[in-house]
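Results of the structural survey
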Amino acid sequence: MTKKGTVQLVGAGPGDPGLITVKGLEALRKADVVVYDRLASSELLREARNDAELISAAKAPGAVALTQTEINELLIDRAQHGKAVCRLKGGDPFVFGRGGEEALALAEAGIRFEVVPGVSSAIGAAAYSGIPVTHRGVASSVTIVTGSERTTGNSGPSVNWDAIAKTSGTVVVLMGATRIGEIASRMIGFGRSPIEPAAAVHRGTSAMQRTVTGTLSDIEAKVAEAELTAPIALVIGQVVELRDRIAWFDNLPLFGKRILVTRARSQASRLARGLTSYGADVVECPVIKSAPIEDTAVLDAALANLDEAEWVAFASPNGVNQVLEHLYAKGSDARAFARKKLAAVGPATVAALRSHGIVADLTPDTFTADGLVEAFRARDLAPKSAVVFRSDIGRGTLPRGLRQLGAKVTEVAAYRTVTAEDSAEMARKAFDDGIDVVTFTSSSTVKNLVGLLSGDVTGINNGVVVCMGPVTTETAKSLGIRVDIVPEQQTIPGMISAVATYFQDRA
């Protein structure tokens, strides 16, 4: 008999990918199949296994990828074929997420399942807007209600707005973006004050969050004026007045700023997450990508003769990963460096080495090739011989500097840096939609983005430009780009901090 799989109904939270639970993230990472909703953060899908089957079950007004019946059948089918299935749902599976229907279908089919609760947008969106749904002396209860059910009718349940209006606490309405006026009118008609505070939170907890406040009598008009669309969490009650004093997410230094990240996709996440933590809306447009060397003869020879070198130096995390992957493919591993002294240009390269079980012996205070050469000199560690692994388009600063110290240097192209041609349309659309900040982490990212834009740097110069280090800055200026920020610390955390400080100082 075929072994039956399992299904985990996982709440992904309302928008911020960091709000998924530890257990939910574990389920996502282990799953053979991920069936995801429209409101589940797309960033979370990167946590899925490379070989996982990803299936969209998105539902939007007027557009349905799969009906609920089809979703139920899909979950059952994959589980019956022995798969571990993660049903990734926005918010909480059992708070207007139709998780109960899926659980019943699984139970009836004899499929083992588990429910992993998530943060509901009813709570999360309000919290990120600075609105506590309960507050001592203001509201001691909260009622969560759907705005998509009928308000009248005799076939099935309908919303009892009379009872809801008579509650004394906070009311949060989900899925009612197109019926805010009708909902407000019914609340007023059943006894709520027309001047009771109300807030509409669009895409709560995400970098695209927008909040408007008003009263029951004018909240519909204010939502229309702000052009807010679904999804919206409508919060009604005196707690809304606390927003002016508690609002925190809106006050982050990068809130509402659209920032373009041009790093390779494999490296972009740390920068993107850091910027998002300051409230930024990050647009990832990888303009470079690393690729294996086509002719590996030089690389193979260097690895075969490592014993002849006193030091091995890595100029980037890509170099580390490509070299180790090549070793693994050849049936070797990190033990090839067991008797070598290793130098790394910066902390990201050090971290890449450590991920393979290798500890760097030398890293500079200034995270550049020149800084590493100076570290050799300052610590009286001038090598007699060294192998330097770098990109095929590396500038040669490190090998040249080591030769000046008297070392016999073997330069090895460990990987190729190529243009991500498939990002051209993405880049043009990003600037058409508006970009506030452009980040460059290397000369390659500058050259490639300009190339993808056919040499037109107008859109780049319309925003704030951030360059990692003097070399990248020099490249940008040579292509007609104005540079606004050059971080003192040439690291990803240094870049994030510099951008946040720039806007904080101008607040």
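What counts, and where the lines are drawn
- Residues numbered from 1 in each chain as written.
- Predicted model: local features only at pLDDT ≥ 70, side-chain atom pairs only at ≥ 80, totals over all residues.
- Heavy atoms only, no water.
- Helix = DSSP H or I, 4+ residues; strand = E, 2+ residues; numbered from the N terminus.
- Buried < 20%, exposed > 50% of the residue type's maximum accessible area, 1.4 Å probe, protein only.
- Contact = heavy atoms within 4.5 Å.
- Disulfide = S-S within 2.5 Å.
- Pairing = 2+ DSSP bridges.
- Axes fitted to C-alpha atoms, helices over the stretch in contact; angles between N-to-C directions.
- Phe/Tyr/Trp six-rings, centres within 6.5 Å; stacked < 30°, edge-to-face > 60°.
- Lys NZ or Arg CZ within 6 Å of the ring centre and 35° of its normal.

So, about the side chain of threonine 349. The residue threonine 349 is located in helix α12 (residues 347-355) in this model. Accessibility expressed as a relative area gives 3% for threonine 349, which makes it buried. For threonine 349, the residues in contact, after removing those within four places along its chain, are Phe314, Ala315, Ser316, Pro317, Val320 and Ala344.

In this section: the state of the cysteines. In the structure shown here, the tally under the stated rule is zero disulfides. In this structure cysteine 467 is a free cysteine whose sulfur lies 16 Å from that of cysteine 285, the closest cysteine sulfur available. What makes cysteine 467 buried here is its relative accessible area of 0%.

Moving on to the sheet that holds strand β10 (residues 197-202). Strand order in the open sheet made by the five strands is β8-β9-β12-β10-β11, with mixed pairing throughout. Each end of this open sheet is capped by a strand with a single partner; those strands are β8 (142-146) and β11 (210-215). Across the sheet, the mean angle separating the axes of adjacent strands is 20° when strand polarity is ignored. Strand direction decides the pairing type here: β10 and β11, joined by six bridges, are antiparallel. Bridge pairing in β11 places valine 201 opposite threonine 211. With respect to the sheet, helix α7 (residues 219-226) is in contact with β10, β11 and β12 (232-236), its orientation differing from that of β11 by roughly 150°.

Moving on to the packing of aromatic side chains. Aromatic ring pairs are defined here through the distance separating the ring centres and the angle between the ring planes. Tallying each qualifying case throughout the model produces eight aromatic pairs. With 5.2 Å between their ring centres and 20° between their planes, phenylalanine 314 and phenylalanine 389 make a pair best called stacked. With a gap of 75 residues between them, phenylalanine 314 in strand β16 (residues 311-314) and phenylalanine 389 in strand β18 (residues 385-391) connect regions that are remote in the sequence. There is no split in this pair, since phenylalanine 314 and phenylalanine 389 are both buried. Among the aromatic residues, ring-to-ring pairing joins Tyr128, Trp248, Phe249 and Phe255 into one connected group. Above the ring of tyrosine 502, the side-chain terminus of arginine 506 is found at 3.7 Å from the ring centroid.

Read from one edge of the open sheet, five strands run β3-β2-β6-β1-β7, paired in parallel fashion. The open sheet has two free edges, formed respectively by β3 (53-56) and β7 (112-116), since each of these has just one partner strand. Taken pair by pair, the neighbouring strands of this sheet meet at an average axis angle of 15°, ignoring direction. Here five bridges tie strand β1 (residues 6-11) to β7, and the two strands are oriented parallel to one another. Within β7, the residue paired with valine 10 across the bridge is valine 116. Contacts from helix α2 (residues 68-80) reach β1, β2 (33-36), β3 and β6 (84-89) within the one sheet, and its direction differs from that of β6 by about 155°.

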